[in-house]
Structure formats: C-alpha cells, structure tokens
Amino acid sequence: MAMHLLQEGPPVEVVLRRSARARRISLRVSALDGRVTLTLPKGVAEREAMAFARSKEDWIRGHLQARLENIDIVHGAEVPLGGQSLLVVPGAGRRVVVGDQTIAVPGAPEQVGARLQAHLKALARTRLAAASDLYAERLGRPYQRISIRDTRSRWGSCSTRGTLMYSWRLVLMPQAVLDYVAAHEVAHLEQMNHSQAFWDTVTRIHGPYDVARNWLRRHGSDYHRYRFGD
C-alpha cells in the first residue's frame, strides 16, 4: 500500500491499494477514521490513479468535512447508553453509577475513559447474553459462548462452532438495535447465510426488523466517534 498526498489546500493522505478483483478505479472515505483509500486494478499506473483522485478532490474534501468529530470521554463529556445521552460526571467510591441523566465515574481524570469503557463492556456482555439467550431459546438451538470485542467492520458474527461475537459499542445504541443484532447472529446458528430463509428466521424469532436494521445502517458508524483513551 503506497501513500500519496493531495496538496491543493490542506494536505490529504491517500492510500493506494491494488486489487486483483477490481475492475475500475474507486475511491472510499472511511466514516470511521476519515482514511481515503484509492483502489486500482492491476495494470493501472499510480499516476493515472492519482489523476483520478485529483479529479475527485472536491468530493473527497466534502466527505472529510462532513465527518462528525471524535468525542474524547472525560468528565463533562456526553456518552450514549441504550440510546440515551448521559453526562459523564465525577463519582465517589469505586463503582460507576448510572443515573437518569448522568453517569458518575470515580477516579483520576486520566482514568475516566478506561474505567467507563470497562463498565460499558461488562454491561454489554450482560445485555447481549440476555438477548442471545432469549433468541436462542426461541430458535431452539444453543450457542457455545459469547465474545465481546471492539470491532470496526461488523457489529456481530456467528462462527460455525456456535460462537457469537458482538461489538461492545452496541450497548451505546437503543435497546431495539442491540436486540436486532443479537437476533441476527443467533439466526445464523440455523442459517449460515443471508438467504430468504435466514431473514425468515430473523423474523420468526425477533419480529419485524427493518426499522432497527435501517437505523444501524444510517447511524451505526457514528458510535465509533467515542474515544475512551484506548
């Protein structure tokens, strides 16, 4: 992967990536970190690809400007939990305490992000396990275990061995979205594909899912903005 710069105005790094499957030059601006990736087929010269990128410079800069800024989690910041925005405030004692409008995090200011993240990961595991148990019971198939990670490319997965993996950031989103993702992954215990039979299974164990699915597509990437000092 080679890196180049667009320098008409503030410099923008462009990562060049060759792909044997690519049929044409394509551009992508990541909604997660703003990385600009220029994919080119084999046989296309880098100068030709960069000429293409320069012809799309206004489009690139427009997308970069439209990205939401990252939010560092410190005292005074706001963080969503279950889709509700809570103010992070200093806490007493040793436990993180969730209130109606605040979430109190004890400890030194530089430890706030890490402490809150640990609390949210544990809460995510509890809520996702409860949702997975519910849908697995409705499906009539058990899963093996649950893994909680901070994935960037997917919100969940189901392995052929029955391991369910979820992003802990689902706990930040509305409960209905977390429930949908759990139902989606549990349904893969029966259908390891995205056929109509799979979606019928999601409907059977969850009910209508379009609202939650569309919400996740529109807003999901925004939840990577929250930075916990990791």
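Please read all numbers here as calculations on a predicted model, not as lab measurements. (Residues numbered from 1 in each chain as written. Predicted model: local features only at pLDDT ≥ 70, side-chain atom pairs only at ≥ 80, totals over all residues. Heavy atoms only, no water.)

All right, on to the overall build of the protein then. The helix and strand tally for the protein stands at six helices and 13 strands. Looking at the 230 residues of the protein, the share that counts as buried comes to 45%. Residue pairs in contact within the protein that sit at least 24 positions apart in sequence constitute 47% of those at least 6 positions apart. Carbon and sulfur atoms form 48% of the exposed surface of the protein, whose accessible area is close to 13,000 Å². Considering the protein, the positive charge centre built from 33 side chains and the negative charge centre built from 22 side chains are found 6 Å apart. (Helix = DSSP H or I, 4+ residues; strand = E, 2+ residues; numbered from the N terminus. Buried < 20%, exposed > 50% of the residue type's maximum accessible area, 1.4 Å probe, protein only. Contact = heavy atoms within 4.5 Å. Areas by Shrake-Rupley, 256 points an atom, 1.4 Å probe, with all protein chains shown as cover. Lys, Arg positive; Asp, Glu negative; His and termini not counted. Charge placed at Lys NZ, Arg CZ, Asp CG, Glu CD.)

Evaluation of the coordinates by the stated rule reveals six aromatic pairs. Measuring from centroid to centroid gives 5.3 Å for Trp-168 and Phe-228, while their planes differ by 75°, and the two rings are edge-to-face. In this pair, Trp-168 is assigned in the loop between strand E12 (163–167) and helix H4 (175–187) and Phe-228 in the segment after strand E13 (226–227), connecting sequence segments 60 residues apart. Across the pair, Phe-228 and Trp-168 agree in class, each one buried. Between the aromatic rings of Tyr-180 and Tyr-209, the centroid separation amounts to 6.1 Å while the plane-to-plane angle is 20°, which identifies the pairing as stacked. Taken as a pair, Tyr-180 in helix H4 and Tyr-209 in the loop between helix H5 (196–206) and helix H6 (210–219) lie far apart in primary sequence, 29 residues in all. For Tyr-180, a relative accessible area of 4% corresponds to the buried category. Three or more aromatic residues joined by ring pairs make a cluster, and in this case those are Tyr-180, Phe-198, Trp-199 and Tyr-209. The lysine or arginine in question, Arg-213, covers the ring of Trp-199, its NZ or CZ lying 4.3 Å from the ring centre. (Phe/Tyr/Trp six-rings, centres within 6.5 Å; stacked < 30°, edge-to-face > 60°. Lys NZ or Arg CZ within 6 Å of the ring centre and 35° of its normal.)

Here we take up the environment of Glu-57. For Glu-57, the location among the structural elements is in helix H2 (residues 57–66). The exposure class of Glu-57 is buried, given its relative accessible area of 9%.

A separate point is the packing of H4 against H5. Two elements in contact, H4 and H5, have axes separated by 9 Å at closest approach and are oriented at 130°. It follows from the interaxial angle that H4 and H5 lie oblique. Considering how the two elements wind past one another, H4 and H5 form a crossing that is right-handed. In this structure, H4 contributes Ala-176, Asp-179, Tyr-180, Ala-183, His-184, Val-186 and Ala-187 to the contact, and H5 contributes Phe-198, Trp-199, Thr-201, Val-202, Ile-205 and His-206. Classifying every residue of the contact of H4 with H5 gives nine nonpolar, three polar and one charged. (Axes fitted to C-alpha atoms, helices over the stretch in contact; angles between N-to-C directions. Parallel < 35°, antiparallel > 145°, perpendicular 65-115°, else oblique. Left-handed = near helix turned anticlockwise from the far one by under 90°. Nonpolar A, V, L, I, M, F, W, Y, C, P; charged D, E, K, R; others polar.)

Tallied over the full model, the rule gives four salt bridges. Measuring nitrogen to oxygen at the nearest pair gives 2.9 Å for the salt bridge that ties Glu-190 to Arg-204. With Glu-190 in the loop between H4 and H5 and Arg-204 in helix H5, the pair connects residues that are 14 residues apart, well separated along the chain. Residue Glu-190 is classed as partly exposed on the basis of its relative accessible area, which comes to 28%. Salt bridges sharing common partners tie together Arg-141, Glu-190 and Arg-204. (Salt bridge = Lys/Arg side-chain N within 4 Å of Asp/Glu carboxyl O.)

By size, the foremost hydrophobic cluster in this structure holds 50 residues, and its most contacted members are Leu-116, Tyr-166 and Val-186. Top element by residues in this core is helix H3 (residues 112–139). It accounts for 10 residues. In this structure Leu-116 touches Ile-73, Val-79, Val-88, Val-96, Ile-103, Val-105 and Phe-228, once residues within four positions along its chain are discounted. (Core = buried A, V, L, I, M, F, W, Y, C linked by side-chain atoms within 4.5 Å.)

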